[in-house]
Amino acid sequence: MKKVLFALFLILLSFSFVKAESYYANDNGVELSKDEYDFITNMYYEGYQKFVTAESISKIRELGLVSQPIEKIKTPEYMPIIEVYEKGRTMTLSKSCLNDECLVTIIVNWAGTPVTTSYDVIGTLVDNTKVTLYGMAVVQGKNYDKTYSSPKKFDNGFGYSVLIPDTTNIIVSTSYYAKKSGRVFASYQHAMRQISEANSKLYTLDMLGYGNVFDFYGTAADVYDQASGLNMALNS
C-alpha cells in the first residue's frame, strides 16, 4: 500500500512540475514555457503565440532552437522604388539554426493603414539550399486575424498572396525551415491597385525580379511597388 501511495505521490509531483512549466496556452491547445514564449516573440513578434500550432512547436523543440541564437537583419524604412506609393513599413528577416537545419522568418510591420487594400505577396527565393518545411502566412491587425496555409511552391522557394485589411497595426509574416546552406532572399510586394487573388499569383521566382524574388507577368505586371528585399546566408 505504501508503495502505491508513493507512486501516486510521484505522479502528482511530476504533474505539478509540468503544469508549473506552462507559461502560456493558446486556442490550438499548445502550451508554451516562458523560454518558448520568449523565443517566439524574438523570432516572430509579441502576439504570434496565438498562431503557434502543435506541429510548429514540436519542430522547434525537436531541433532545440529555443536555446540557440537568433540572427536578424532589418530594413530601416522599407522603401518601394516607386516612391509615390506607400512607404511606412519595415521588413525583418531572421534565422535560428542548429546542426543542418534553420528556421527562417519574414516579418513585415506596417506603420500606418495602407491606402490600397488588395492582395500583397510575401515569400522567399532560396539559392543552394532547400526548403524542408513550409510554414503558414499570417496577417494580423486591429480586430483582424487571417492565416494562409497553401503557398505557391517552386523548386527554389515559395510565395503567399495575402489580403491586406483596411485596419491599423498590420503585421504580415511567413516562415519556413531550410537546410543550413546557401542563401535565402526575402521579398514583400505591395499592390498599388486592386488585383484578384488569382492574378496576384502570376509570377515566377527569379533573382532579377522584385526584391530579388518575384518576377511578375501578365495581369500582375506593373501592379506591385518593386520594394527592395533582404537576403541572408544560412551557412555562416
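Above this text is the structure in question.
On a predicted model such as this, the values are computed, not experimentally measured, just so you know. (Residues numbered from 1 in each chain as written. Predicted model: local features only at pLDDT ≥ 70, side-chain atom pairs only at ≥ 80, totals over all residues. Heavy atoms only, no water.)

Here we look at the overall build of the chain
Link 1 in the chain: Per the secondary structure count, the chain includes four helices and 15 strands.
Link 2 in the chain: For the chain, the share of sequence-separated contacts (at least 6 apart) that also reach a separation of at least 24 residues comes to 70%.
Link 3 in the chain: On the chain, roughly 11600 Å² of surface is accessible, and the fraction owed to carbon and sulfur atoms is 53%. (Helix = DSSP H or I, 4+ residues; strand = E, 2+ residues; numbered from the N terminus. Contact = heavy atoms within 4.5 Å. Areas by Shrake-Rupley, 256 points an atom, 1.4 Å probe, with all protein chains shown as cover.)

Concerning the nonpolar core
Link 1 in the chain: Of all hydrophobic cores here, the largest spans 28 residues; its most connected members are Val 162, Val 172, Tyr 176 and Tyr 188.
Link 2 in the chain: Counting only elements with at least two residues in this core, the list comes to β4 (89-98), β5 (101-110), β6 (119-127), β7 (131-141), β10 (157-163), β11 (171-179), β12 (183-189) and β15 (230-233).
Link 3 in the chain: Broken down by element, the residue count for this core peaks at five residues, all from β5.
Link 4 in the chain: Excluding residues within four positions of it along the chain, Tyr 176 makes contact with Cys 102, Leu 103, Val 104, Thr 124, Val 126, Val 131, Leu 133, Tyr 134, Gly 135, Phe 158 and Val 184.
Link 5 in the chain: Core analysis: the next-biggest nonpolar cluster, separate from the first, contains 20 residues, Tyr 44, Val 52, Ile 60 and Leu 103 among them. (Core = buried A, V, L, I, M, F, W, Y, C linked by side-chain atoms within 4.5 Å. Buried < 20%, exposed > 50% of the residue type's maximum accessible area, 1.4 Å probe, protein only.)

Structural notes on the sheet that holds strand β8 (residues 144-148)
Hydrogen bonds between backbone atoms are what pair the strands of a sheet, whose relative direction is either parallel or antiparallel.
Link 1 in the chain: In spatial order, the strands read β3-β4-β5-β11-β7-β8; together these six strands make up an open sheet with antiparallel pairing. Each of the sheet's edge strands pairs with one partner strand only, and the pair in question is β3 (71-74) and β8. On average, each strand axis in the sheet is inclined to that of its neighbour by 15 degrees, with strand direction left out of account.
Link 2 in the chain: In the packing of helix α2 (residues 34-43) onto the sheet, the strands contacted are β3, β4 and β5, and the crossing angle to β5 comes to about 60 degrees.
Link 3 in the chain: Against the sheet, helix α3 (residues 54-63) contacts β4, β5, β7 and β11, and its axis sits at roughly 45 degrees relative to β11. (Pairing = 2+ DSSP bridges. Axes fitted to C-alpha atoms, helices over the stretch in contact; angles between N-to-C directions.)

Thoughts on the packing of aromatic side chains
Link 1 in the chain: Here the structure, examined in full by the defined rule, presents 15 aromatic pairs.
Link 2 in the chain: Seen from their ring centres, Tyr 48 and Phe 51 are 5.7 Å apart, and the 55 degrees between their planes marks the pair as tilted.
Link 3 in the chain: By relative accessible area, Phe 51 is classed as buried at 8%.
Link 4 in the chain: For the ring pair Phe 158 and Tyr 160, a centre distance of 6.0 Å and an interplane angle of 85 degrees mean the geometry is edge-to-face.
Link 5 in the chain: The class for Phe 158 is buried, based on a relative accessible area of 0%.
Link 6 in the chain: Of the aromatic side chains, those joined through ring pairs into one cluster are Phe 154, Tyr 203, Tyr 210, Phe 214, Phe 216 and Tyr 224.
Link 7 in the chain: For Lys 152, the ring lying beneath its charged end belongs to Tyr 203, and the centroid distance is 4.6 Å. (Phe/Tyr/Trp six-rings, centres within 6.5 Å; stacked < 30°, edge-to-face > 60°. Lys NZ or Arg CZ within 6 Å of the ring centre and 35° of its normal.)

Quick notes on the sheet that holds β12
Link 1 in the chain: Taking strand neighbours across the sheet as the criterion, the five strands line up as β9-β10-β6-β12-β15 in an open arrangement whose pairing is antiparallel. Taken across any chain shown, the strands that pair with only one partner, and hence form the sheet edges, are β9 (152-154) and β15. Put simply, the sheet's adjacent strands are angled 15 degrees from each other on average, direction ignored.

Side note on the environment of Asn 109
Link 1 in the chain: Inspection of the secondary structure puts Asn 109 in strand β5.
Link 2 in the chain: The partly exposed category is assigned to Asn 109, whose relative accessible area is 29%.
Link 3 in the chain: For the pair formed by Asn 109 and Arg 89, sequence separation is 20 residues and the distance between their alpha carbons is 5.4 Å.
Link 4 in the chain: Beyond its immediate chain neighbours, meaning those up to four positions away, Asn 109 contacts Gly 88, Arg 89, Thr 90, Ile 170 and Ile 171.

Remarks on unusual backbone geometry
Link 1 in the chain: Positioned with a positive phi, Asn 99 is a non-glycine residue whose angle comes to about 60 degrees.
Link 2 in the chain: Even without a glycine there, the phi angle at Asn 143 is positive, about 60 degrees.

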